[in-house]
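One-letter residues, chain by chain:
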Amino acid sequence: MRGMTSSERRVLLAAPRGYCAGVDRAVITVEKALDKYGPPVYVRKQIVHNKHVVSSLEARGAVFVDELDSVPEGATVVFSAHGVSPAVHAEAEERSLRTIDATCPLVTKVHNEARRFAGGGQDILLIGHAGHEEVEGTAGEAPDRIQLVEGPDDVDRIEVRDPSRVAWLSQTTLSVDETMQTVERLRERFPQLIDPPSDDICYATQNRQVAVKEIAHQADLMIVVGSANSSNSVRLVEVALEAGARAAYRVDNAEEIEAAWLDGVQVVGVTSGASVPDSLVEGVLDLLTEHGFPAAEEVRTAEERLIFALPPELRTSRRAASTR
Ligand code: SF4
């Protein structure tokens, strides 16, 4: 890496950033469902938490609804990447809907863990954010066994049947460091606390946080591209600030960047959440160029090659899942 002088401006571009395997699969699922069944294809909740992705799918004939009662009987409905509870599957069946499940396999893994722990008689402490769709879906696997824990401050109020039979799980898109602080507090209270069989915070969330940390301590300003309801994007702002960025902002696109943020800034870090198309990041880099910043230097901390197969209804060949 080049030596830096006080007058040298730089743009450090995090890698990995942007689309993860679960988001890529979910977006292709809606596109292929539109091709196969024709519009309208209903989608329960935002397919992924990015308003640009949602509006471009709307333009192609996807109709986003909050609940299944807005979907006409017999229509096709896609479940979003964040997953749904068994009650939603049952409602779809009752209403004779044709369902296509775009739940990320890494969310399904957490659902399976919840069922297994609940079946084994454990009380489950689910670390996550109240109201997030993924948390609602996971909690719905065993509503009488799962309690939500939003952070260390919640730990003292937890009541369990048997303190020796308690397990924890988490939402897939949390801050790794904050989650481990909550787990430490839980373990102080429940020394026999059982861990999930493998990390619930997914590879994409973890990789994007590691890349941001690598950049943030050098950055006067960190720009995170992502929508306000995207948990992993919001966490990237927090991680950047904790890792030493002097300022960090989340924006949906370049138009939201305020010129004043760039005043006196030498080093800008740029990244994006797991539901963000790279075209939006390119828009940010173009804007920085207009403000006199040089071409971005990519700072890569991991390679990602994971691809998930499409839902079975849309699978034509293995290649179909890997052409984007
Ligand atoms: S962020 Fe992780 S859990 Fe969520 S869709 Fe992407 S890979 Fe799946």
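About the thresholds
- Residues numbered from 1 in each chain as written.
- Predicted model: local features only at pLDDT ≥ 70, side-chain atom pairs only at ≥ 80, totals over all residues.
- Near = placed C-beta within 6 Å.
- Helix = DSSP H or I, 4+ residues; strand = E, 2+ residues; numbered from the N terminus.
- Nonpolar A, V, L, I, M, F, W, Y, C, P; charged D, E, K, R; others polar.
- Buried ≥ 20, exposed ≤ 12 C-beta atoms within 10 Å, placed from the backbone.
- Pairing = 2+ DSSP bridges.
- Right-handed = clockwise from strand over helix to strand, strands pointing away.
- pLDDT = per-residue confidence, 0-100.
- Contact = placed C-beta atoms within 7 Å.
- Core = buried A, V, L, I, M, F, W, Y, C linked by C-beta atoms within 7 Å.
- Domains from an automatic or database assignment.
- UniProt positions renumbered as here; feature names shortened; annotations may be inferred.

Q: Would you mind going over the site of the ligand with me for this structure?
A: As a structural note, the neighbourhood of the ligand is formed by 15 residues, with Cys-20, Gly-22, Cys-104, Thr-172 and Cys-202 the closest of them. Secondary structure elements with two or more residues in the shell around the ligand: α1 (21–37), α4 (105–119) and α7 (203–216). Among the elements that take part in the shell around the ligand, α1 stands out by supplying three residues, more than any other. The class makeup of the residues in the shell around the ligand is ten nonpolar, five polar and no charged.

Q: Please explain the pairing of strand β4 (residues 76–79) as it appears in this structure.
A: In summary, the side chains of a regular strand alternate between the two faces of the sheet. Side chains Thr-76 and Val-78 of β4 all project onto a buried face; the interleaved residues Val-77 and Phe-79 project onto the opposite face, where all are buried too. As judged from the three bridges shared by strand β2 (residues 41–44) and β4, these two strands associate in the parallel manner. Bridged to Val-43 within β4 is Val-78. Pairing of β4 with strand β5 (residues 98–101), which is carried by four bridges, proceeds in the parallel orientation. Along β5, the bridge assignment pairs Val-77 with Thr-99. Regarding the hand of the β-α-β motif, the stretch spanning β4, helix α3 (residues 86–94) and β5 is right-handed.

Q: Sorry if this is basic, but what is going on with the confidence of the model for the chain here?
A: Low pLDDT means the predicted atomic positions in that stretch should not be read closely. Scored by pLDDT, the chain comes out at a mean of 95, with 95% of its residues at no less than 70. In this model residues 1–6 is a low-confidence stretch, pLDDT under 50, and it forms one contact with partners more than four residues away in sequence or in other chains. Counting contacts from residues 318–324, a segment whose pLDDT is below 50, to residues more than four positions away or on other chains yields ten contacts.

Q: Mind showing me how you'd approach the nonpolar core here?
A: A general feature of soluble globular proteins is that nonpolar side chains tend to end up buried together. Val-30, Ile-47, Val-78, Ile-124 and Leu-126 are the most contacted members of the largest nonpolar core, which totals 57 residues. The dominant element in this core, judged by the number of residues it contributes, is α1, at seven residues. With residues up to four places along the chain from it excluded, the contact list for Val-78 reads Thr-29, Val-30, Ala-33, Val-41, Val-43, Ile-47, Ile-100 and Ala-102. Within the second largest apolar cluster, 31 residues are counted, among which are Ala-216, Leu-221, Val-239 and Val-276.

Q: For this particular structure, what's the right way to read the domain arrangement of the chain?
A: A common way to express how large an interface is: the accessible area buried when the components associate. The domain boundaries assigned to the chain delineate domain 1 (10–20 + 202–300), domain 2 (21–104) and domain 3 (106–201). Taking the mean C-alpha position of each, domain 1 and domain 3 sit 30 Å from one another. Listed as interface residues are nine residues of domain 1 and, on the opposing side, ten residues of domain 3. Going through the elements one at a time, α7 and α8 (231–242) are the ones with two or more residues in the side of domain 1 that touches domain 3. The biggest single contributor to the side of domain 1 that touches domain 3 is α8, with five residues.

Q: In this structure, what is going on with the UniProt feature "binding site: dimethylallyl diphosphate" (unreviewed entry) in the chain? I would like to understand it.
A: The residues that UniProt annotates with the feature "binding site: dimethylallyl diphosphate" (unreviewed entry) are His-49, His-82, His-132, Ser-230, Ser-231, Asn-232 and Ser-275. Looking at the element boundaries, His-49 is found in the loop between β2 and α2 (51–59). With sequence-adjacent residues up to four places away left out, His-49 is seen in contact with Ser-227, Asn-229, Ser-230 and Ser-275. On the neighbour-count criterion, His-132 (18 C-beta atoms within 10 Å) is partly exposed.

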